[in-house]
Amino acid sequence: MKKYFFILMFVTTSTAIAQSGFGVKGGINYADNGELTYNDFSNAGEDVLEGGESKMGYHFGVFYQANLLGFFLRPELVYTTTKSTYQFNQQEAEYNVSKIDLPILVGTKIFGPVQVFAGPSLQYMVDNDFEGFDLGDVKEEFTIGAQLGAGVQLGKIGVDVRYERALKENEAEFMQLDGSRNGPQRVDTRPSQIIFGLSLSL
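Reading the values: rules and limits
- Residue numbers restart at each chain and count upward from 1, following the sequence in its written direction.
- Reporting in this predicted model follows two pLDDT cut-offs: at least 70 for local features of residues, and 80 or more for side-chain atom pairs to be given and counted; totals over whole chains, interfaces and linings ignore these cut-offs and use all residues.
- Hydrogens and waters are ignored; side-chain quantities use all the structure's heavy atoms.
- Aromatic pairs are defined between Phe, Tyr and Trp rings, using the six-membered ring for Trp, whenever the two ring centres lie within 6.5 Å; interplanar angles under 30 degrees are classed as stacked, those over 60 as edge-to-face, and all others as tilted.
- Strands are runs of DSSP state E lasting at least two residues, helices are runs of H or I lasting at least four, and both sets are numbered from the N terminus onward.
- Only protein chains enter the accessibility calculation, which uses a 1.4 Å probe; a residue whose area is less than 20% of its type maximum is buried, one above 50% is exposed, and one in between is partly exposed.
- Pairs of N or O atoms within 3.5 Å make up the polar contacts considered here, provided that, within protein, one atom can donate a hydrogen while the other can accept it, and that residues adjacent in sequence are counted only when both atoms are side-chain atoms.
- Just to be clear on terms, a salt bridge is a Lys or Arg side-chain nitrogen sitting within 4 Å of an Asp or Glu carboxyl oxygen.
- Residues count as neighbours in contact if any of their non-hydrogen atoms are within 4.5 Å of one another.

S.K.: Whenever I open this one, the packing of aromatic side chains confuses me. Can you help?
M.R.: Aromatic rings in a pair are described by how distant their centres are and how their planes are angled relative to each other. In this structure the tally under the stated criterion is five aromatic pairs. Aromatic pair Phe60 and Tyr79: ring centres 5.6 Å apart, planes at 45°, arrangement tilted. Pair noted here: Phe60 is in strand S4 (residues 53–68) and Tyr79 is in strand S5 (residues 71–88), with a separation of 19 residues, a long-range link. What makes Tyr79 partly exposed here is its relative accessible area of 25%. Three or more aromatic residues joined by ring pairs form one cluster here, namely Tyr58, Phe60 and Tyr79.

Dropping the structure here:
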């Protein structure tokens, strides 16, 4: 009996591993890059927090998916850009962030080709730019977030949608070259984004 059990386990594991492999992915994302803190001229210099309006960014990268016993482990390496706009003192400015993401996702199929997944996302900040202003370096180049999503896998083609939220606080300060404390002071670089992705297993 043990002999048949081990044979069954070997066949199952071999089949699962055979379905594992590398792939490429890309897509679009809508992100809110966090809150902007600035001094309100009309309110005695009071600090004001304001959220940004989400704009479309994009991402592309590679992944490896290992399937085993009804579950899968999927680490990804992705280059991501996020954009959002802010309005203050009747002006609008765009904040652009680029970063390298390393999501490590665990998931399973729930019925047919439909699957769900979740996991942490390690993030390295490559660049951040606020239109019309000089920004200092972010406090932390390495941060961590979390992703949760669902998708459909049809053969080698996969489509998914996921929500990502950065978990670690991270800010960049505006460079006030004239020494004043008026206008924007700092911006939170934690993105909150909805990600639409298309993947191809190789």
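Having put the structure on the table, let's press on.
S.K.: What is the right way to look at the side chain of Asn67 in this model?
M.R.: Checked against the element boundaries, Asn67 lands in strand S4. In this structure the side chain of Asn67 is engaged in a polar contact, spanning 3.1 Å, whose partner is the side chain of Gln65.

S.K.: Looking at this structure, I do not really get the pattern of salt bridges. What am I missing?
M.R.: Where charged atoms from two side chains of opposite charge come close, those side chains can pair. According to the stated counting rule, one finds six salt bridges in the structure shown. Across the pair Glu76 and Lys25 runs a salt bridge, and its minimum N-O distance is 3.4 Å. Here Glu76 is found in strand S5, whereas its partner Lys25 is found in strand S1 (residues 21–32), with 51 residues between them in sequence. Of the two residues, Glu76 and Lys25, both sit in the buried class. Note that Glu164 is salt-bridged to Lys99, the shortest N-O span being 3.4 Å. On the criterion of sequence distance, the pair formed by Glu164 in strand S9 (residues 157–166) and Lys99 in strand S6 (residues 91–111) is long-range, its members being 65 residues apart. A single burial state applies to Glu164 and to Lys99, both of which are buried.

S.K.: Would you mind going over the environment of Arg165 with me for this structure?
M.R.: Residue position: Arg165 is located in strand S9. Residues Arg165 and Ser121 lie 44 residues apart in sequence; the distance between their C-alpha atoms is 9.1 Å.

S.K.: Sorry, what's going on with the side chain of Gln153 here?
M.R.: As for its placement among the helices and strands, Gln153 is situated in strand S8 (residues 142–154). Reaching out from Gln153, the side chain makes a polar contact with the backbone oxygen of Gly155 at a distance of 2.9 Å. Discounting chain neighbours no more than four positions away, the residues touching Gln153 are Pro113, Gln115, Gly158 and Ser201.

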